[in-house]
Amino acid sequence: MANLKTVWHGNTKGNGSIQVSDYETNIAIPTSMGGSGEGAEPKGLLVTSAAACYTMTLVSMLETRKLPVAGFTMDSEVSNSKEEGFKIKHYPHITLSADATEDQIQSVNRAILSADKACAIGNMLKKADVQIDIEGKVSI
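Residues numbered from 1 in each chain as written. Predicted model: local features only at pLDDT ≥ 70, side-chain atom pairs only at ≥ 80, totals over all residues. Heavy atoms only, no water.

**Student:** Looking at this structure, how should I read unusual backbone geometry?
**Tutor:** Excluding glycine, most residues fall at negative phi; most peptide bonds, likewise, are trans. Within the chain, Lys-66 stands out as a residue other than glycine whose phi angle is a positive 55 degrees. Positive phi, normally seen in glycine, also occurs at Asp-129, with a value near 70 degrees. Tracing the backbone shows Asp-129 in the loop between α3 (120–127) and β6 (131–134). The class of Asp-129 is exposed, set by a relative accessible area of 66%. (Helix = DSSP H or I, 4+ residues; strand = E, 2+ residues; numbered from the N terminus. Buried < 20%, exposed > 50% of the residue type's maximum accessible area, 1.4 Å probe, protein only.)

Okay, here's the thing in structure tokens:
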């Protein structure tokens, strides 16, 4: 397990940084909550973590299945309301090489769903009543 180092400068209008291993990011309280907004805020970091976990899980599954992936991109949407709670929706888009077979396309579609079930961060969030949906797209 990695150790985190957090440094904060100033008061609520200040900002800080979090460093772990070879990663560092600036953090700040959002302007909507009276902060400076000069860095990532907690919900943004949480969604980033969920997206990174899902991406890395899916990429690993695609590689294990030896699928002819030519490209991978993903957008994620976040909503938070009192009525519906906290929701994350990932839109992975996998591009396969021109010689991909129908079986390989179906294998990618299965991996898109399997990665959601295997992502440790996503599973922790689901236990905390965060709804995570996946809407994948496969193209040649």
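**Student:** What is the right way to read the state of the cysteines from this model?
**Tutor:** What is meant by a disulfide is a covalent connection between two cysteines, made through their sulfur atoms. Tallied over the entire structure, the rule returns 1 disulfide. Covalently, Cys-53 is tied to Cys-119 through a disulfide, its sulfur atoms 2.5 Å apart. Here the residue Cys-53 occupies a position in helix α1 (residues 42–64), and Cys-119 occupies one in the loop between α2 (102–118) and α3, the gap between them amounting to 66 residues. (Disulfide = S-S within 2.5 Å.)

**Student:** Is there a simple way to think about the environment of Ala-70 in this case?
**Tutor:** Mapped onto the elements of the fold, Ala-70 is located in strand β4 (residues 69–81). Judged by relative accessible area, Ala-70 falls into the exposed class, the value being 58%. For the pair Ala-70 and Thr-95, spaced 25 residues apart in sequence, the C-alpha separation works out to 5.4 Å. Not counting residues up to four positions away in its chain, the partners in contact with Ala-70 are Thr-95, Leu-96 and Ser-97. (Contact = heavy atoms within 4.5 Å.)

**Student:** Just checking my understanding: could you explain the layout of surface pockets for this structure?
**Tutor:** Taking a probe equal in size to a water molecule and rolling it over the atoms shows the remaining empty space. When its volume is computed, the largest pocket comes out at roughly 270 Å³. Lining the largest pocket, in full, are Tyr-23, Leu-45, Leu-46, Thr-48, Ser-49, Ala-52, Cys-53, Met-56, Ile-121 and Leu-125. If you list the elements that add at least two residues to the lining of the largest pocket, you get α1 and α3. Counting residues per element, the lining of the largest pocket draws most heavily on α1, which supplies 7 residues. Here the residues of the lining of the largest pocket sort into 8 nonpolar, 2 polar and no charged. (1 Å grid on protein atoms, 1.4 Å probe; cavity = no way out; pocket = protein on both sides within 12 Å on 5 of 7 lines; lining within 4 Å. Points joined across faces, edges and corners; volume = space filled by probe spheres on them. Nonpolar A, V, L, I, M, F, W, Y, C, P; charged D, E, K, R; others polar.)

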